[in-house]
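# Observations on the three-dimensional arrangement
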Amino acid sequence: EQAQVLPPANSGRLGLALNYSVFFNEVLGNASDAIALARKTIDEASADLANHDEAMQNDSIQILQLLQDNLNLWNSGGSGADGTAVEDL
């Protein structure tokens, strides 16, 4: 509920959504809720991004990229149990 007070592209709100979606995936093992939250957050924030100044946009874009990276990883069935992939050297 309280997240609704902040605009969708607010960097604080985006950071909370990022952390919460990772919690869903890594701690609860619930990838479907993690994916749904990340997708909803990206959609809402993308529509609201133009309503903010350049500094806020830059911060928000960085967090949106992290959300998108996680979303891509989770949708592809990434190999890391904690949401990270390890590659052999």
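Residues numbered from 1 in each chain as written. Predicted model: local features only at pLDDT ≥ 70, side-chain atom pairs only at ≥ 80, totals over all residues. Heavy atoms only, no water.

### A closer look at the nonpolar core
Judged by nonpolar contacts, the single largest core of 15 residues is most densely connected at Leu64 and Leu67. Only helix 1 (11–26), helix 2 (31–48) and helix 3 (54–75) provide two or more residues apiece to this core. Ignoring any residue separated from it by four or fewer positions in sequence, one finds Leu64 in contact with Leu14, Thr41, Ile42, Ala45 and Leu49. (Core = buried A, V, L, I, M, F, W, Y, C linked by side-chain atoms within 4.5 Å. Buried < 20%, exposed > 50% of the residue type's maximum accessible area, 1.4 Å probe, protein only. Helix = DSSP H or I, 4+ residues; strand = E, 2+ residues; numbered from the N terminus. Contact = heavy atoms within 4.5 Å.)

### Concerning the pattern of salt bridges
Counting across every chain of the model gives 2 salt bridges. The partner of Arg13 in a salt bridge is Glu44, and the shortest N-O contact between them spans 3.5 Å. In this pair, Arg13 is assigned in helix 1 and Glu44 in helix 2, connecting sequence segments 31 residues apart. A relative accessible area of 11% places Arg13 in the buried class. Overlapping salt bridges bring together Arg13, Lys40 and Glu44 as one network. (Salt bridge = Lys/Arg side-chain N within 4 Å of Asp/Glu carboxyl O.)

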